[in-house]
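Structural characterization, general
Spelled out, the chains give:
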Amino acid sequence: MTKVLVAGATGMLGSEIAASLLRRGAQVRALVRPESAGAETARTLKERGAEIVQGTLERPDRALDGVDVVVSAVQGGPDVVVDGQLALLRAAEKAGVSRLIPSDFAVDLFRLDDGDNVFLDDRRKAHEAFAGAGVQVTSVLNGAFHEVMTAPFLEIVDWEKGTFSYWGDGDEPCDFTTVADTAAYTAAVALDADVSGPVRVAGDVLSMKEFHAALERGSGRSLALRRLGGTEELAAEIERRKAAAAGPTDYVALQYIWAMVTGKAKLRPLDNGRYPDIRPTGMAEFARRFAS
């Protein structure tokens, strides 16, 4: 039986990954910080069969004993994404762990350039630091989460005002995957001994206009379509927000949108066919569940 350590197991995605691994019959060990606010989630995972071990990325201690694969679902700045994950990789290397799935879970960050997205820049820096390690590093790339793309801070969907706002021509295909489906694919990759290189999956591939239509179809609600401008105007808006920003969170959402609607970070080819038992949720079905 494969033993998998999940770092960030009390977070939104990490907890789903741990649950998906348990459903697939893996032995799951959850690395939980001593001061973690996710005590209730940790208890739930323990009740489902996971082993809970306290530790940090820098000092995982016995958490890596007997582990075959490490899955990282941590979030944060470069101290976590770069330094913390590198420390975890080095510890995994010493412990004889064979593979690591880092916390990438995004559009194709390997097709972007430095400065295109400040958070994804950190993930590429982490991969540069991973180079030459004795642990195989396998990314899972899922595009954008349905849940995030319909959240207010993306400034696309406004259910209260009944609007759908987009940048670009509205026809560029974009990749979307729910948190639960991303977790299911990640669990499958973690238990797939033959996998190598980035695994690219998408629950749905839609243009912004198709995204809008799927939301209307699934929710049964009308959303007035508003074009905010082309991709060059989006780039200018990002620079305007950067100049006035208190931090990257003031503009990084638009950087994600830019990477999608320009097609620069499109996932290709998709590897969904490698895991045919996973039937991902499309955007219309997601909207139907959201509205019910």
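Here is a short report on the structure shown in this document. If you're wondering where the values come from, they're calculated on a predicted model, not measured in any experiment. (Residues numbered from 1 in each chain as written. Predicted model: local features only at pLDDT ≥ 70, side-chain atom pairs only at ≥ 80, totals over all residues. Heavy atoms only, no water.)

Moving on: the sheet that holds strand β6 (residues 136–137). Strand order in the open sheet formed by 6 strands is β3-β2-β1-β4-β5-β6, and the pairing between neighbours is parallel. Bordering the open sheet on either side are β3 (51–54) and β6, each of which pairs with just one other strand. Bridge analysis of strand β5 (residues 99–101) against β6 gives 2 bridges, and the strand direction is parallel. Within the sheet, the bridge partner assigned to Arg99 lies in β6 and is Gln136. Packed onto the sheet, helix α6 (residues 179–190) meets β4 (69–72) and β5 and runs at close to 170° relative to β5. (Pairing = 2+ DSSP bridges. Helix = DSSP H or I, 4+ residues; strand = E, 2+ residues; numbered from the N terminus. Contact = heavy atoms within 4.5 Å. Axes fitted to C-alpha atoms, helices over the stretch in contact; angles between N-to-C directions.)

What follows covers the packing of aromatic side chains. Applying the stated criterion across every chain yields a total of 4 aromatic pairs. Ring geometry for Trp159 against Phe290: centres 5.6 Å apart, planes inclined by 25°, an arrangement best described as stacked. Of this pair, Trp159 sits in the loop between β9 (157–158) and β10 (163–167) while Phe290 sits in helix α10 (residues 283–291), placing them 131 residues apart in sequence. Owing to a relative accessible area of 14%, Trp159 belongs among the buried residues under this scheme. (Phe/Tyr/Trp six-rings, centres within 6.5 Å; stacked < 30°, edge-to-face > 60°. Buried < 20%, exposed > 50% of the residue type's maximum accessible area, 1.4 Å probe, protein only.)

It is worth spelling out the packing of helix α3 (residues 78–95) against helix α4 (residues 118–130) at this point. Their axes nearest at 9 Å, the elements α3 and α4 cross at an angle of 25°. By the angle between their directions, the pair α3 and α4 is classed as roughly parallel. Crossing geometry of α3 relative to α4 is assigned as right-handed. Together, Pro78, Val81, Val82, Gln85, Leu86, Leu89 and Arg90 of α3 and Asp122, Arg123, Lys125, Ala126, Ala129 and Phe130 of α4 make up the contact between the two elements. Looking at the contact of α3 with α4 residue by residue, the classes come out as 8 nonpolar, 1 polar and 4 charged. (Parallel < 35°, antiparallel > 145°, perpendicular 65-115°, else oblique. Left-handed = near helix turned anticlockwise from the far one by under 90°. Nonpolar A, V, L, I, M, F, W, Y, C, P; charged D, E, K, R; others polar.)

Quick look at the sheet that holds strand β14 (residues 224–229) now. Strand pairing in a sheet takes place through backbone hydrogen bonds and is either antiparallel or parallel in direction. Taking strand neighbours across the sheet as the criterion, the 3 strands line up as β9-β10-β14 in an open arrangement whose pairing is mixed. Edge strands, defined here as strands with exactly one partner in the open sheet, are β9 and β14. Pairing of β9 with β10, which is carried by 2 bridges, proceeds in the antiparallel orientation. Note on β10: the bridge partner recorded for Asp158 is Thr163. Across the face of the sheet, helix α7 (residues 208–219) comes into contact with β9, β10 and β14 while running at roughly 165° to β10.

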